[in-house]
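Results of the structural survey
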Amino acid sequence: MEKTESGKFEGLTETDQAYLADLLKQLADDDYLLSFRSSEWLGLAPHIEEDVASASISQDMMGHAAMYYGLLGDIYGRDADDLAHFRGPADRRNSILTEKRNGEGEYLDVPKYDWAYHVVRNLYYNMHKKVKLVALKQSSSTPLRDVAAKAAMELYYHELHWRTWFIQLMNSSDDAKARMAAALEKVNGECADLFHLGKYSEDITRKGYIAPASEMKDSFRKEMEKVFDQTDSVFSFPDDQKENGRLGRHTEDLEHALELMSEVYGSVPYAKW
Amino acid sequence: MKAVTGMTESEKYESFMKRIEDGDKIEMDDWMPDEYRTVLIKLISMHGISEIMGALPEKEWVPKAPGLGRKLGIMAKVQDEMGHGQLLLRVTEDLMKPLGRNRADIMDDLFEERLKFHNVFHMRTHTWADAGLIGWLVDGAAIITQTNMLGASYGPYARALKRICAEEVFHAQHGESIIMALAEGCTEQREMLQDAIDRWWPSLLMFFGPESKDTTGSSKQDATIKYQIRTKTNEELRQSFLSKYVPRIHSLGLTIPDDTLRFDQETKIWEYRQPDWKKFKQIIGNEGPKSQDRLNLRRAAYKNNAWVREALEA
Amino acid sequence: MSGTFYNEYEVFSKRAPDKGFIHHFSLTAPNDEIAKVMAQENFLRREPVSDLWVVRRENILTLSDGEKQTLQRLDNKDYRNTKGYGYLRKKWRMYEQNLLDEKEIMGWAKE
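A few points on the structure. This structure is a prediction, so every number in the text was calculated from the model and none was measured.

Focus: the overall build of chain C
Secondary structure summary: chain C contains 4 helices and 3 strands in total. Its helices and strands in sequence order give chain C the pattern β-β-α-β-α-α-α, from N to C terminus. In terms of C-alpha radius of gyration, chain C reaches 23 Å, well past the compact-globule figure of 13 Å for 111 residues. C-alpha extents for chain C along the principal axes are approximately 75 × 40 × 20 Å.

Next up, the structure:
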């Protein structure tokens, strides 16, 4: 296994720090939230073997979030755990797609989670992430490049995993096809901000930290069309939506998620856990 | 596979018992007495389904785990529990196959409450300390019962246990790490930890089962010993747990809620207050504090995902 | 009873390119593709893996009880091993030569 230590940022101006911090929050919060949503499925997947296999992906995502929070911590001189647990919704930069509930009900009660939504959301997210990591591997920032190269190694599996489930369910029973169609529609209403680069988007791309959103979107479209070619459906991607997580405008689902995730960590503020 | 050719039933039985006594391992396609198959199915399906049900109480703490490292650790642990369930159910399924039964039937047995799961997984978790305690002491107790069966005469079970025990070492240390932080932490944390021990102690004693069937009216320990699936009795295992863990609990300055607990230097036996075995029977009869909630969660998840299985049953 | 979702697959892996495949455990899956994407994470979460085989159990030829009898053999086959030629060490010593034993010959790989 690869070690996860990375290079530190050097010689950043204050504005550079602000740009990088915003980008890192997008990357970190995305993985943090979707890892949480995926972990709510623990023990409840349609098949025990799948439960075990997809649990690895949730862990990988949390591991990636930890690397990004580590870099963010270098910039701010703060602890990665504090950055993960103590930032409120307005300071979060994750895409809406990563924060939405898995379905009706609470995970501690008897939730009705939707596997079709889980598969579609994860395919979209992971394909977006794969494209983004390819772009980040060319970043002008060495620490970002290093972390992206590491995270990218695990994306082969994540993408293969969700692509396999997606194609199979899209080509199976009428019931499954209907559920997948409904899930696609739902995801289409939540994913427009995936490639949005936030309030500093122009500066972030001008500095070469990451490729422009339009370029990444094109690569994403090509990749997704290849997947959809193996189904009876046509790929579409929304231009816009109501909320934009990259600008800190979120849904209520996020607030609830963050409360849960920091319940213990914040319960005794001075404690070490 | 064909039975051992040209032997009478009693010759087959004798040759089977001789193999066991010689330390040979029985494999799934080998001839075996019906009683052996029945005992194994009962034992391993309960073990397997307990792992699957055991994932639920800890899963409750996955999102809440304090810190990125803690979140990762507990995710990996819950994943392992499901993985142990997978290994053990596969062993059971292979034993059941000649009887025309498969995993769907095991789940059905659980839902219809014909298949029981371990007493500890019927209990409520109250705080983060419970998540630590489960890793430290529940998994500690599980390690003791499971290592006792590492030499089991049934090869597939012994191999699964070897793998499981290796992973339990990680689980126990994951638990110890949580506990250690609490024990060395602030007053609130220490209180949380002591409270968890006070609440879980009777369940931990019950974990090993009654001393004999006179206590609760049934015990499968006799048959499992006869067929060399396990070597020690329930009480011997409980004694071993007390010897290993009581000093460790005390070393952290924690107390055990039993003022009669003492080690008799002459008999080399731990004296302790018996847990309420009537309550134990109720708990494993799915009348524990969280029995029905957790069963309902399993039932709902299984039903809710039925379309996925149906869709791919080409 | 639903049957076909639970096809049985046996999983094998190689730790490193120069190692042979070893058997792990079995899993159930509705089809080959799903079996393949579940195999590594079910059984090989902590060990290095350089290659993976996922095999449908029905495609494995196994031995019956009777056929297992064919595995037995007498312990009189020293002539297949160096053990049957151990006296050579003494002989070569008489000619002031060392025996080219397994250790010696396998060591030539590093020369």
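Looking at the pattern of salt bridges
Side-chain pairs of opposite charge can arise whenever the charged atoms involved come near each other. One pass over the structure, following the stated rule, counts 62 salt bridges over all chains. For E8(C), the salt bridge goes to K97(B), with nearest N and O atoms at 2.8 Å. Here E8(C) is found in strand β1 (residues 7-14), whereas its partner K97(B) is found in the loop between α3 (68-96) and α4 (103-111) on a different chain. Note on E8(C): relative accessible area 17%, which makes it buried. Taking the relative accessible area as the measure of exposure, K97(B) reaches 46% and is therefore partly exposed. Here the salt bridges do not stand alone but share partners, grouping E49(A), R90(B), E93(B), D94(B), K97(B), R103(B), E8(C), E10(C) and R57(C) into one network.

What to know about empty space enclosed by the protein
Evaluated as defined, the whole model comprises 5 cavities of 30 Å³ or more. For the largest cavity, the calculated volume is near 170 Å³. Lining the largest cavity we find 17 residues, and of these A45(A), P46(A), I48(A), M107(B) and Y302(B) sit closest to its centre. Those elements giving two or more residues to the lining of the largest cavity turn out to be α2 (48-76) of chain A together with α4 and α12 (291-304) of chain B. Roughly 80 Å³ of volume is contained in the second largest cavity. Per element, the largest residue contribution to the lining of the second largest cavity is 6 residues, and it comes from α2(A). A per-class count over the lining of the second largest cavity returns 8 nonpolar, 5 polar and 1 charged.

Quick word on the sheet that holds strand β2 (residues 22-29) of chain C
Residue and element names in this part refer to chain C. Ordered by their spatial adjacency, 3 strands build an open sheet running β2-β1-β3, and the pairing between neighbours is antiparallel. Each end of this open sheet is capped by a strand with a single partner; those strands are β2 and β3 (51-56). Within the sheet, the average angular offset between the axes of one strand and its neighbour, ignoring direction, is 25°. The pairing of β1 with β2 spans 6 bridges and is antiparallel. Residue Y9 lies in a different strand from β2, and its bridge partner there is L27.

Here we look at the packing of helix α11 (residues 277-287) of chain B against α12(B)
All names here are of chain B. In contact at an axis separation of 9 Å, α11 and α12 are set at 25° when each is read in the N-to-C sense. On the basis of the axis angle, α11 is roughly parallel to α12. Residues I283, N286 and E287 of α11 form the contact with α12, whose participating residues are S291, Q292 and L295. The class makeup of the residues in the contact of α11 with α12 is 2 nonpolar, 3 polar and 1 charged.

Calculation rules
- Residues numbered from 1 in each chain as written.
- Chains lettered and ligands numbered in written order.
- Predicted model: local features only at pLDDT ≥ 70, side-chain atom pairs only at ≥ 80, totals over all residues.
- Heavy atoms only, no water.
- Helix = DSSP H or I, 4+ residues; strand = E, 2+ residues; numbered from the N terminus.
- Rg over C-alpha atoms; globule rule 2.2 N^0.38 Å.
- Salt bridge = Lys/Arg side-chain N within 4 Å of Asp/Glu carboxyl O.
- Buried < 20%, exposed > 50% of the residue type's maximum accessible area, 1.4 Å probe, protein only.
- 1 Å grid on protein atoms, 1.4 Å probe; cavity = no way out; pocket = protein on both sides within 12 Å on 5 of 7 lines; lining within 4 Å.
- Points joined across faces, edges and corners; volume = space filled by probe spheres on them.
- Nonpolar A, V, L, I, M, F, W, Y, C, P; charged D, E, K, R; others polar.
- Pairing = 2+ DSSP bridges.
- Axes fitted to C-alpha atoms, helices over the stretch in contact; angles between N-to-C directions.
- Parallel < 35°, antiparallel > 145°, perpendicular 65-115°, else oblique.
- Contact = heavy atoms within 4.5 Å.

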